[in-house]
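Analysis of the macromolecular model
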Amino acid sequence: MVNDTKNNFQTASELSVTSLRGVGQSRAKTLEKLGIRSLLDLLRHFPRDWQDRHSAENFPPPEQPALKAFFGRVVHARSLSAGMRLSLFKAEIATGAGTVSAVWFRRKNPRFDAMESLKKEIYPGADVWVVGRAETSVSGKCEVHVEEYYLPNEGSRLHVDRLTPVYPLTEGLTQKFFREIEWQALSGFAKDVPEFVPHLITAKRQLLVPEQAVKGIHFPQSRLELEEARRRFVYEELFFLNLAWQIKRRQTREADKNFTYQIKRSLLTPFKNKLGFELTAAQKRAINEIFSDMQESFPMSRLLQGDVGSGKTAVAISAILLAVENGAQAALMAPSEILAEQHFATLSRVLQGLPVKIQILTSRLKPKERNEALGKIKNGQVDIVVGTHALIEDDVVFKNLRLAVVDEQHRFGVRQRATLKRKGRLIDLLVMTATPIPRTLALALYGDLDVSTLDQMPPGRIPPKTFFSSEAKALEAVRREIQKGRQAYIVYPVIEESAKQDLLSAKAEFKRLNEGVFSDIPCGLIHGALKSADKIKVMEDFNSGKIKILIATQVIEIGIDVPNASIMVIQNAERFGLASLHQLRGRIGRGSGDSECHLVGNPQTPESKRRIEILLESHDGFRLSEEDMALRGSGEIIGTVQHGDFGFHLADLSKDQEILKEAHEDAEQILSQDPILRLPEHESLRMRLRDLYQEHWSFIDLA
Ligand code: ADP
Ligand code: MG
């Protein structure tokens, strides 16, 4: 009796998947690879797609094969041999759409008849569901290459005649098996799926209760039910993210960094004098905002946003010098070695003659040099460390790190930002990005950051004229610019040619141009596969003007700053995303005077044509990024790394901005009443938040 009661209380979160029929130790191991241990884990493993497997009423048009399901009566069936290895089974099935010809392929097996069960089940007069790639032949006959088939019975209901879920899987599992165990788990435990969202909110936003939602997400009865179920879980994902950001923001503001900055100007003034230009009003404003953050008692968390070429580096250096003036160390992290080298060179130049020690830390350092560098960083002999990811490795220990600047933040995950931050106890953080993002998206991506925007370009900038050109025209223009004493980039989508793709490659084209049309002009080649030292050498030579034409891949997309370069040719332009094209183009038009960008290529799809059109029309990074989001969805812009970081399964920030806004408001409201979720009615909220954002990667700190 007692035992029985206890069993009844065992819930989906305690029961292992092995309690399901058909799941033994070995399958449980495989499921664990997907992070699934308990029945609740299983129920929260959502489909990645839903196929419409109602019996098709139309054949697909010729040449457009599609996955379809058909239900009908077998009119005729026979098995055939197809060569040495394959057996074939063919059946004519009379369906509502007409007669389809279903084909099964099986590998031959010398020991048994691979078609045996088919022969038993598929015979004239039998009713059957077939699912597979359907194609209409020119003669108008519909052929289905069968992937799954079902005899109509109790069990077939989860696979056909419905919206059928498709799950993210791992090797050793099939969709069919997965649907069966989900169905089993739902039948017994859908009611046990806990509610994490407070009642007030579920009522206000009219969210489905978990039981309904979890059923609807796995086996929806209709599109509408699926939409509602999805909305519920998307809301949940975004709600918890917003809670986490807002708690983090508040916690940051409560921390005391125990350090006071004074604006001494002992380094700042000489730096300004050396710059050779007046800072723009936008730059001055950003510097003021940063300086007042740094003078606060709590650590700065600020995003500096500004289109390519708006002059973020000078702002960053100002912040760095304020730190150094006050006896602290500062770190500047860049997403590529080339960019780290460039920052190092810039800093070395503008700080020449000043009592500041700069160290570079990238994979180019030999072990001995690296050790020396680490020693100096640890004992405080260097003031500024510039580097790549190498900066956040475990063995990098600072004596007195107080400011971290992360350039081109969108290239890094939130996790890396957090790791860098842990290098100093309570350090000021400035992250910079040239990818302007819509405000709603910023809330989700950088919810804990204050934002400064450089909305003004340095004076005298004339945006590059952009053309869609033939190669001949573009190369002629290159020669013209070189004759004027300027320099050029020619960009290719790949490093090397490959048989699979018909793309121009940097390596092959370097050889062709360098030995051909441009044999009289010094050309250089740069791409990601070069050794560090070679990359550095090429960039130095381009910087100094020794190289006139730089033939490159996308490695030069970010941050590179050579003002004398006035023309860029982008080959196979249709192969680049809008954001990349804009970033690439941002490499020119940095000095004064005119500049040109020539897009060369052969756009075939409507999207690639549209991308090029937009680029010809606009230089506004903000507009471009919105267009980009509309064309591609947010996932691509944010980068998959970050999506993973947030643990989203269903949310798509380009589609779900409305839900994001609601979730943001609701999180604000909850926290305004209960800042650290101490109220008893928020207990489950708190537990869930800890599971999601604390245990995982110490994003927040909830006791
Ligand atoms: P980004 O914002 O893309 O990082 P950079 O910091 O690389 O831009 O600056 C782009 C170019 O503009 C650099 O050559 C830099 O020296 C120059 N620059 C920056 N600020 C100014 C300014 N206020 N006046 C003139 N040139 C500037
Ligand atoms: Mg930059």
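Residues numbered from 1 in each chain as written. Chains lettered and ligands numbered in written order. Predicted model: local features only at pLDDT ≥ 70, side-chain atom pairs only at ≥ 80, totals over all residues. Heavy atoms only, no water.

Regarding unusual backbone geometry
With a phi angle near 50°, Gln 206 is a residue other than glycine that sits in the positive phi range. Along the chain, Gln 206 falls in the loop between helix 6 (199-204) and helix 7 (210-218). Despite not being glycine, Arg 265 shows a phi value in the positive range, around 65°. Considering the arrangement of structural elements, one finds Arg 265 in the loop between helix 8 (223-254) and helix 9 (268-275). (Helix = DSSP H or I, 4+ residues; strand = E, 2+ residues; numbered from the N terminus.)

A few points about the site of ligand 1
Close contacts around ligand 1 come from 17 residues, with Glu 278, Gly 309, Thr 313, Arg 461 and Asp 561 the closest. Separating a nitrogen atom of ligand 1 from a backbone N or O atom of Glu 278 is a distance of 2.8 Å. In isolation ligand 1 offers 570 Å² of accessible surface; the protein chains occlude 86% of this area. Of the residues belonging to the shell around ligand 1, the class tally is 5 nonpolar, 6 polar and 6 charged. There are two domains that each give the shell around ligand 1 at least three residues, and those are domain 4 (268-454) and domain 5 (465-618). (Near = heavy atom within 4 Å. Polar contact = N/O pair within 3.5 Å; in protein donor to acceptor, adjacent residues only side chain to side chain. Areas by Shrake-Rupley, 256 points an atom, 1.4 Å probe, with all protein chains shown as cover. Nonpolar A, V, L, I, M, F, W, Y, C, P; charged D, E, K, R; others polar. Domains from an automatic or database assignment.)

What to know about the packing of helix 7 against helix 8
Relative to each other, helix 7 and helix 8 sit at 120°, their axes nearing to 8 Å. Taken together, helix 7 and helix 8 sit at an angle that is classed as oblique. Classified by chirality, the crossing of helix 8 by helix 7 is left-handed. For the pair helix 7 and helix 8, contact is made by Pro 210, Gln 212, Ala 213, Val 214, Gly 216 and Ile 217 and by Glu 225, Leu 226, Ala 229, Arg 230, Arg 232 and Phe 233, respectively. (Axes fitted to C-alpha atoms, helices over the stretch in contact; angles between N-to-C directions. Parallel < 35°, antiparallel > 145°, perpendicular 65-115°, else oblique. Left-handed = near helix turned anticlockwise from the far one by under 90°. Contact = heavy atoms within 4.5 Å.)

Side note on the domain arrangement of the chain
One can read the domain layout of the chain as domain 1 (1-49 + 174-192), domain 2 (54-161), domain 3 (194-254 + 660-703), domain 4 (268-454) and domain 5 (465-618). Opposite the 14 residues of domain 1 that make contact, domain 3 presents 11 residues. Joining domain 1 to domain 3, the criterion identifies 1 salt bridge. Arg 44 is paired through a salt bridge with Glu 236; the nearest N and O atoms lie 3.0 Å apart. The tally of links from domain 1 across to domain 3 stands at 2 residue pairs in polar contact (both at pLDDT 80 or more). For the side of domain 1 that touches domain 3, the class distribution of residues is 8 nonpolar, 1 polar and 5 charged. (Salt bridge = Lys/Arg side-chain N within 4 Å of Asp/Glu carboxyl O.)

Some thoughts on the packing of aromatic side chains
The final tally for this structure, using the stated rule, is 12 aromatic pairs. Measuring from centroid to centroid gives 5.0 Å for Phe 259 and Tyr 261, while their planes differ by 80°, and the two rings are edge-to-face. In this structure an aromatic cluster arises from ring pairing among Phe 196, Tyr 235, Phe 239 and Phe 240. Seen from the ring of Phe 177, Arg 27 lies directly overhead, with NZ or CZ sitting 4.1 Å from the centre. Positioned above the aromatic ring of Phe 189, the side-chain terminus of Lys 191 is 6.0 Å from the ring centre. (Phe/Tyr/Trp six-rings, centres within 6.5 Å; stacked < 30°, edge-to-face > 60°. Lys NZ or Arg CZ within 6 Å of the ring centre and 35° of its normal.)

Thoughts on the environment of Gly 309
You can see Gly 309 is positioned in the loop between strand 8 (301-306) and helix 11 (312-325). Classification of Gly 309 as buried rests on a relative accessible area of 14%. As for Gly 309 and Glu 147, which are separated by 162 residues in sequence, their C-alpha atoms are 53 Å apart. Those residues in contact with Gly 309 that sit more than four places away from it in its chain are Met 457, Pro 458, Arg 461 and Arg 590. (Buried < 20%, exposed > 50% of the residue type's maximum accessible area, 1.4 Å probe, protein only.)

Quick word on the pairing of strand 8
The buried count for strand 8 comes to 6 of 6 residues, which makes it a mostly enclosed element. Across the two faces of strand 8 the burial is the same, with Ser 301, Leu 303 and Gln 305 and Arg 302, Leu 304 and Gly 306 all buried. Pairing of strand 8 with strand 14 (residues 450-454), which is carried by 5 bridges, proceeds in the parallel orientation. Looking across to strand 14, one finds that Gly 306 is bridged to Leu 454. (Pairing = 2+ DSSP bridges.)

Topic: the state of the cysteines
Applying the stated criterion across every chain, the model contains 0 disulfides. Cys 523 takes part in no disulfide bond, and the closest cysteine sulfur, belonging to Cys 597, lies 18 Å away. With relative accessibility at 13%, the residue Cys 523 sits in the buried group. (Disulfide = S-S within 2.5 Å.)

Focus: the sheet that holds strand 14
Spatially, 7 strands are ordered 10-11-9-12-13-8-14 in an open sheet, and the strand pairing comes out parallel. The sheet is open, and its two edges are formed by strand 10 (358-361) and strand 14, each paired on a single side. The mean angle between the axes of side-by-side strands here comes to 20°, regardless of whether they run parallel or antiparallel. Direction of pairing for strand 12 (residues 401-406) relative to strand 13 (residues 428-433): parallel, over a ladder of 4 bridges. Its bridge partner lying in strand 13, Val 405 is registered against Leu 430. Contacting strand 8, strand 12, strand 13 and strand 14, helix 10 (residues 281-294) crosses the sheet at an angle of about 160° to strand 14.

Concerning the environment of Arg 157
Here Arg 157 shows up in the loop between strand 6 (142-150) and strand 7 (163-166). Spatially, the C-alpha atoms of Arg 157 and Phe 219 are 10.0 Å apart, while their sequence positions differ by 62 residues. If we ignore the near neighbours within four places in the chain, the residues touching Arg 157 are Arg 162 and Trp 183. A polar atom in the side chain of Arg 157 sits 2.9 Å from the side chain of Glu 154.

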